[in-house]
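Notes for the structure review
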Amino acid sequence: GDFAIEIDTLVVGSGPGGYVAAIRAAQTGQKVTIVEKNVIGGVCLNVGCIPSKALISVGHRFEQAQHSEDMGVFASEVKLDFEKVQNFKNGVVKKLTGGVEGLLKGNNVEIVQGEAYFSDANTVRIINGDSAQTYTFKNAILATGSRPVEIPTFKYTDRVLNSTGALNLKELPKKLVVIGGGYIGTELGSAFANFGTEVTIIEGGKDILAGFEKQMTAIVKKGLKKKGVTIEVGASAKGVEENENGVIVSYEVGGEEKKVEADYVLVTVGRRPNTDEIGLEQIGIEFAERGIIKVDKQCRTNIPNIYAIGDIVDGPQLAHKASYEGKVAAEAIAGEKSVVDYLAIPAVCFTDPEMATVGYSEESAKAEGLEVKVAKFPFAANGRALALNQTEGFVKLVARKEDGLLVGAQIIGAGASDMISELCLAIEGGMTAEDVALTIHPHPTLGEITMETAEVLLGNPIHII
Ligand code: FAD
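If you look the chain up in an unreviewed UniProt entry, it shows as Dihydrolipoyl dehydrogenase from Ureibacillus chungkukjangi. According to the UniProt record, the Catalytic activity (unreviewed entry) comment for the chain reads "N(6)-[(R)-dihydrolipoyl]-L-lysyl-[protein] + NAD(+) = N(6)-[(R)-lipoyl]-L-lysyl-[protein] + NADH + H(+)". UniProt lists a comment for the chain under the heading Subcellular location (unreviewed entry), and it reads "Cytoplasm".

Now the structure itself:
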C-alpha cells in the first residue's frame, strides 16, 4: 500500500483549460499540482488549434505564391516539401508546449505525469505505467478535454483518420475525403486544398459550417469550390473500403449511392468529453447530457470542492473558452467572486476567408425577442483590403435598437480572427456603435471597416452611399 500525498489544489489535464487554471490558481497563492497523462498543452497545443493553424498558414503561403499573377507576381516552380512543412509545424508546437511547461514551473506548479482516477471527493489515484500513487486534495479542477468521436462504420486506421492523424500525415494526400463539414473538417479540408490535394467534403446536415450565418458560409463555399473542393451536403457516409493504395468511401445523397476514391479519409463528426473511465460516476458527479458535466457560474460541480472547465462542460468546445473558465474556477477556489459570462465569447473559423463571430447574430437576437438594428460594410470599400488584394467579405454589427448598445458582431474576411477582438472588447465594455464610430482607427487598416460599419449603423458612413 502507498501513503497518500496531501495536496492543495489538483488540476487534471494540461490543455488550455487546465494549464491556465493552474497558473491562475498559483497566482492567487494556492499550492497547485497538475496531472497530465499525455503531453503538456492538451489538444489545443499538440493536436488542435496550433498545429492546424501552422498548416493553414503554410497552405496560404503556397497558394498565394502560385496565384498572385493579378498583382504582378509570376512564380514558377513553387514547390512544397511536405516533410519540411511538418517540421515547421512540429517546431511551432514544441516551442509552445515547452513554453507552457516553463510557465508552470515558473509559477511553482508541480507537474505529475500520469492518469488521474478519482476514488472519492478528496482522493485521486495517479497511475503512470506500472506505478500508482494516491493523493488527497482539498480542491480539484477537472480539465480533461475531449477526443474525436469514432463511428462504427469508420474505425480509425492508418487511412481512416481523425484530426490528429490528418495533422500528422507524413505524405501529402493527392485525394482526401472529409466526413463532417464542421469547422475542424472544413479548416483542414481547406488547408489541404491549398496544398493541392483534391478534397471532397461529405456533410450530413443541410449545409457545412452550421452555426455561422448563411451570408458568410456562402462566401467560404464559393472559395472552397474555387479551390476545387467538392461539397456534398445532406449526404450520409455509409462506409469505407480500404486497400493498399487508399480508401473508397461510399455515401448516399438524394437517394443515390455514390463512391469516392481517395488516399485518406478524415472523419470529423464531433468530439466527446473525456469524462468516462476516471471515476466520476462513482464519486457522484452530476452530468447533463452526453458526458457533459453540470456546473454553476463558477464552474463548480455538484460536489462543492470539485470544478470542471473546458470541453467537458456545456458550451462551445473552444480553447479560449476553456482558459476563461479556468481562470474563473481558480479564482473561485481562492474565494473570489468571479463568475462566467459568455456573452462576449468569440468563435473563429480559419477558412478562406476567415469567419469570426461574437455575441448575438441578427437571427439569434430576433429569436430571443431582442429588437436590434444591424449594419454591414464590405471589405471591397476599404483601402487596405484592396492593397492586400483580399476584398471578399464584410463586417456586420448587431446593436440594440433603442440605444445602439452593441450586442453582437460577425466578420468574414482577411484578418477577421484578429479584427473580432475589438468588438469583443466593445461588447464586454458595454459600448455602443457610436463609441466604435468615434474611436479613431489608423489608416489604412482593416480595422477601419469596423469603424465604418458602426457609422453605417448610425446612418453617417463616409465611404459608402
Ligand atoms: P484539452 O485541450 O483536450 O486537454 C485535456 C488534457 O487532459 C489532455 O492533455 C489530456 O491528455 C488530459 N487528460 C485527460 N484525461 C486525463 C486524466 N484522467 N488524467 C490526466 N490527464 C488527463 N479551439 C479554438 O479555440 N480555436 C481553434 O482554432 C481550434 N482549432 C482546433 C483544431 C482541431 C484540429 C481540434 C481537434 C480542436 C481545435 N480547437 C480549437 C478546440 C480546442 O483544441 C479545445 O477546445 C481545447 O483544447 C479544450 O481545452 P481543454 O483544456 O478543455 O482540453
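This part is about the UniProt feature "domain: FAD/NAD(P)-binding" (unreviewed entry) in the chain. According to UniProt, the feature "domain: FAD/NAD(P)-binding" (unreviewed entry) maps to residues 8–326 in the numbering used here. As annotated, residues 8–326 has a helix share of 31% and a strand share of 28%, and its two end C-alpha atoms lie 16 Å apart.

Surveying the vicinity of the ligand reveals 35 residues, the closest of which are G13, G15, G42, G145 and G310. Sorting the residues of the shell around the ligand by element identifies β2 (32–36), α2 (42–47), α3 (49–66), β4 (115–120) and α8 (319–333) as the ones contributing at least two each. Counted by class, the shell around the ligand contains 14 nonpolar, 17 polar and four charged residues.

Leaving glycine aside, a negative phi is the common case for residues, and trans is the common case for peptide bonds. D352 connects to P353 through a cis peptide bond whose omega is -10°. A cis amide bond links H443 to the next residue, P444, at an omega of -10°. Unlike most non-glycine residues, C299 shows phi in positive territory, near 70°. Mapping C299 onto the fold places it in the loop between β16 (271–273) and β17 (306–308). The backbone of N389 shows a phi angle near 60°, a positive value even though the residue is not glycine.

Let us now look at the sheet that holds strand β22 (residues 406–412). Backbone hydrogen bonds are what pair the strands of a sheet, in a parallel or an antiparallel way. The strand order across the open sheet built from five strands is β18-β19-β22-β21-β20, with neighbouring strands paired in antiparallel fashion. Every interior strand has two partners, whereas the edge strands, β18 (347–349) and β20 (372–378), have only one. In this sheet, neighbouring strand axes are inclined to one another by 10° on average, regardless of whether the strands run parallel or antiparallel. Two strands pair when backbone bridges link them, and β20 and strand β21 (residues 394–400) are joined in this way by seven bridges, in the antiparallel orientation. Bridge pairing in β21 links K376 to K396. Contacts from helix α13 (residues 447–458) reach β20 and β21, with the element oriented near 135° to β20.

Helix α6 (residues 183–195) packs onto α3 with a crossing angle of 35° between their chain directions and a minimal axis gap of 8 Å. As α3 packs across α6, the resulting crossing turns out to be left-handed. Within the contact between the two elements, α3 uses S52, L55, I56, G59, H60, F62 and E63 and α6 uses E187, L188, A191, N194 and F195. In terms of residue class, the contact of α3 with α6 is built from six nonpolar, four polar and two charged.

The rules behind the values
Residues numbered from 1 in each chain as written. Predicted model: local features only at pLDDT ≥ 70, side-chain atom pairs only at ≥ 80, totals over all residues. UniProt positions renumbered as here; feature names shortened; annotations may be inferred. Helix = DSSP H or I, 4+ residues; strand = E, 2+ residues; numbered from the N terminus. Near = placed C-beta within 6 Å. Nonpolar A, V, L, I, M, F, W, Y, C, P; charged D, E, K, R; others polar. Pairing = 2+ DSSP bridges. Axes fitted to C-alpha atoms, helices over the stretch in contact; angles between N-to-C directions. Contact = placed C-beta atoms within 7 Å. Left-handed = near helix turned anticlockwise from the far one by under 90°.

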